[in-house]
Amino acid sequence: MSFKIAIIGAGSVGFTKKLFTDILCVPEFKDIEFALTDLSEHNLQMIKAILDKIVESNKLPTKVTATTDRRKALEGARYVISCVRVGGLEAYADDIRIPLKYGIDQCVGDTICAGGILYGQRNIPVILDFCKDIREVAAPGAKFLNYANPMAMNTWAAIEYGKVDTVGLCHGVQHGAEQIAEVLGAKSQSELDYICSGINHQTWFVDLRLNGRKIGKDELVAAFEAHPVYSQQEKLRIDVLKRFGVYSTESNGHLSEYLPWYRKRPDEITRWIDMSDWIHGETGGYLRHSTETRNWFETEFPQFLASAEKPIDPAKRSNEHASHILEALETGRVYRGHFNVKNTGVITNLPSDAIIESPGFVDRFGINMVSGITIPEACAATCISSINVQRMSVHAAISGDIDLLKLAVLHDPLVGAVSTPEEVWQMVDEMVVAQARWLPQYADAVPAAKERLANSKVKTREWEGAARRNVRSIEELRVEKAALKQAV
């Protein structure tokens, strides 16, 4: 069979290579075309060279093209995959730096909280541009697979306003399941069966079975507390498990941002996080990691090319959903996974307009979600708080209503636990002014925001957060990670 896949943001070299090799693990997909597009011509040429080498080494008829002309890449595409970060690290640095002045300490800042909300404001206008192009030049009925954060907001905008058949894809569920299988002593991942449901980055393992035997809260708590690594790295996550009765998909650092209880005071932050790696709660951890490794693919480009000469091994196909969804849709072989879609009776106790993440099956008839799931009340309450923020954030991004944007940030659980309304109003003004070049919908609001900032009497403070490391070189990072891996 032959069809075209367009990848927007293909300059994300490592991730694009993974998606590419995963898809080519499907025997029927050898004749397809990959159209790569990105703003960076340099990155595009690097990833194209790698993918061309894979095609050549495996003697495949697969076609690979690369262009900075997005519409050209999308022409005739049956599938469109997005993995973009609008504003890059420059805008992302403001997502972390500015809220810190107001006491809001984020580890990642890409989903909700102050950073995630502004990230959504930058992404949504671009997502709608993608959708316009898909409607106009892609194949009729093209499916949009969104990997970009903030997952729920981007997917919400694409479905509700972009009017494109969209599914959001994340790997948090798979990673959480791998941890659970490990602590329970499973010999392979296939021994663990689970139902995970909620919203992206707040998805909950509501049913766990090991070789058919149901696993309850007490057994799971004991297993995590006995694990020599996770008992230290996932302290906050384990505490939530004890109180909610179910385990969350998200890492210690991610989960801490979505709740109002663990990151609101510096002494509390250091109590719950672990500094062995950024993902466990370090202040601005993902920004530091991204800054240190922003050019890692350039320093390791020769190794990438060398590895591209090896035969594709289907046994090493990753658990990223994209290739499995395409295989199911095109061949009819059924795939079960967890997908981000609009809630239409899928989860009974979450709003119908929300973007939820829950189990579904894929075959020739499309993505078919398992309906009628009810998640525990505490999980639903936590999700609804975030959904309300997401809804206002999407509507603000569409309308360019800065007052609605401020209300969205004000209602964020962690922001509300830390900042006063006056601080939130000033913080949002500051973020919108700093990121104005990526926020065209707020162009008319920027002059008044600048004037308010000039006359403001709200005091801020420069601080580095409760737990921050210094930026290190690539070589220092490599040595540190090697030592950590050996210790584990």
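Above this text sits the structure in question.
Residues numbered from 1 in each chain as written. Predicted model: local features only at pLDDT ≥ 70, side-chain atom pairs only at ≥ 80, totals over all residues. Heavy atoms only, no water.

Caption draft 1: Seen up close, the packing of helix α17 (residues 377–399) against helix α18 (residues 402–410). At a minimum axis separation of 8 Å, α17 and α18 run at an interaxial angle of 160°. Put simply, α17 runs roughly antiparallel to α18. Pair α17 / α18 crosses with left-handed handedness. Of the residues in α18, those in contact with Val389, Met392, Ser393, His395 and Ala396 of α17 are Leu404, Leu405, Leu407 and Ala408. (Axes fitted to C-alpha atoms, helices over the stretch in contact; angles between N-to-C directions. Helix = DSSP H or I, 4+ residues; strand = E, 2+ residues; numbered from the N terminus. Parallel < 35°, antiparallel > 145°, perpendicular 65-115°, else oblique. Left-handed = near helix turned anticlockwise from the far one by under 90°. Contact = heavy atoms within 4.5 Å.)

Caption draft 2: Broad picture of the environment of Asp412. Positionally, Asp412 belongs in the loop between α18 and α19 (413–418). Once the C-alpha coordinates of Asp412 and Ile5 are considered, the two residues, 407 residues apart in sequence, prove to be 37 Å apart. Residues within four places of Asp412 in sequence aside, it is in contact with Ile112, Cys113, Ile117 and Val389. Of note is the side chain of Asp412, whose polar atom sits 3.1 Å from the backbone nitrogen of Leu414. (Polar contact = N/O pair within 3.5 Å; in protein donor to acceptor, adjacent residues only side chain to side chain.)

Caption draft 3: Summary view of the pairing of strand β12 (residues 355–363). The buried fraction of β12 amounts to eight of the nine residues, a majority that puts the element mostly inside the structure. Alignment of strand β11 (residues 335–342) against β12, held across eight bridges, turns out to be antiparallel. Residue pairing across strands places Gly337 opposite Gly360, the latter belonging to β12. Sheet topology places β12 next to strand β13 (residues 366–369); four bridges connect them, and they run antiparallel. Paired with Phe361 across the strands is Asn368, a residue of β13. Between the antiparallel neighbours β12 and β13 lie two residues. (Buried < 20%, exposed > 50% of the residue type's maximum accessible area, 1.4 Å probe, protein only. Pairing = 2+ DSSP bridges.)

Caption draft 4: How the structure looks around the packing of α18 against helix α20 (residues 421–434). Where α18 meets α20, the closest approach of the two axes is 9 Å, and the angle between their N-to-C directions is 125°. With respect to α20, the element α18 is oriented oblique. Here α18 runs over α20; the crossing is right-handed. Two secondary-structure elements touch here, α18 through Ile402, Leu405, Lys406, Leu407, Val409 and Leu410 and α20 through Pro421, Val424, Trp425, Met427, Val428, Asp429 and Val432. For the contact of α18 with α20, a count of residues per class yields 11 nonpolar, no polar and two charged. (Nonpolar A, V, L, I, M, F, W, Y, C, P; charged D, E, K, R; others polar.)

Caption draft 5: Geometry of the packing of aromatic side chains. One pass over the full model with this rule turns up 15 aromatic pairs. Each ring, one from Trp204 and one from Phe244, has its centre 5.4 Å from the other, and the planes form 20°; the classification is stacked. Remark: Phe244 occurs in helix α10 (residues 235–244) and Trp204 occurs in strand β8 (residues 202–210); sequence separation between them is 40 residues. Given the relative accessible area of 0%, Trp204 is considered buried. Phe244 sits in the buried class, given a relative accessible area of 17%. Relative to Phe339, the ring of Tyr335 lies with its centre 6.2 Å away and its plane at 55°, an arrangement referred to as tilted. By relative accessible area, Phe339 is classed as buried at 0%. Three or more aromatic residues link up through ring pairs in this structure, and these residues are Tyr194, Phe205, Phe224, Tyr230 and Tyr247. (Phe/Tyr/Trp six-rings, centres within 6.5 Å; stacked < 30°, edge-to-face > 60°.)

Caption draft 6: Region of the structure containing the pattern of salt bridges. By the definition in use, this model includes 30 salt bridges. With its nearest N and O atoms 3.4 Å apart, the salt bridge here joins Glu268 to Arg271. Here Arg271 and Glu268 lie together in helix α12 (residues 266–272), a separation of three residues that amounts to about one turn. Through salt bridges with shared partners, a single ionic network connects Arg70, Arg71, Lys132, Asp133 and Glu136. (Salt bridge = Lys/Arg side-chain N within 4 Å of Asp/Glu carboxyl O.)

Caption draft 7: The nonpolar core, seen in detail. Ranked by internal contacts, the top residues of the largest apolar core, which has 97 residues, are Ile5, Phe34, Leu36, Phe339, Leu350, Ile356 and Val432. Of the residues forming this core, the biggest block, eight residues, is contributed by α17. Look past the residues within four positions of Leu350 in its chain and what remains in contact with it is Gly198, Ile199, Asn343, Ile356, Ile375, Ala380, Cys383, Ile384 and Ile387. (Core = buried A, V, L, I, M, F, W, Y, C linked by side-chain atoms within 4.5 Å.)

Note that all results are geometric; they support no functional claim without further evidence.
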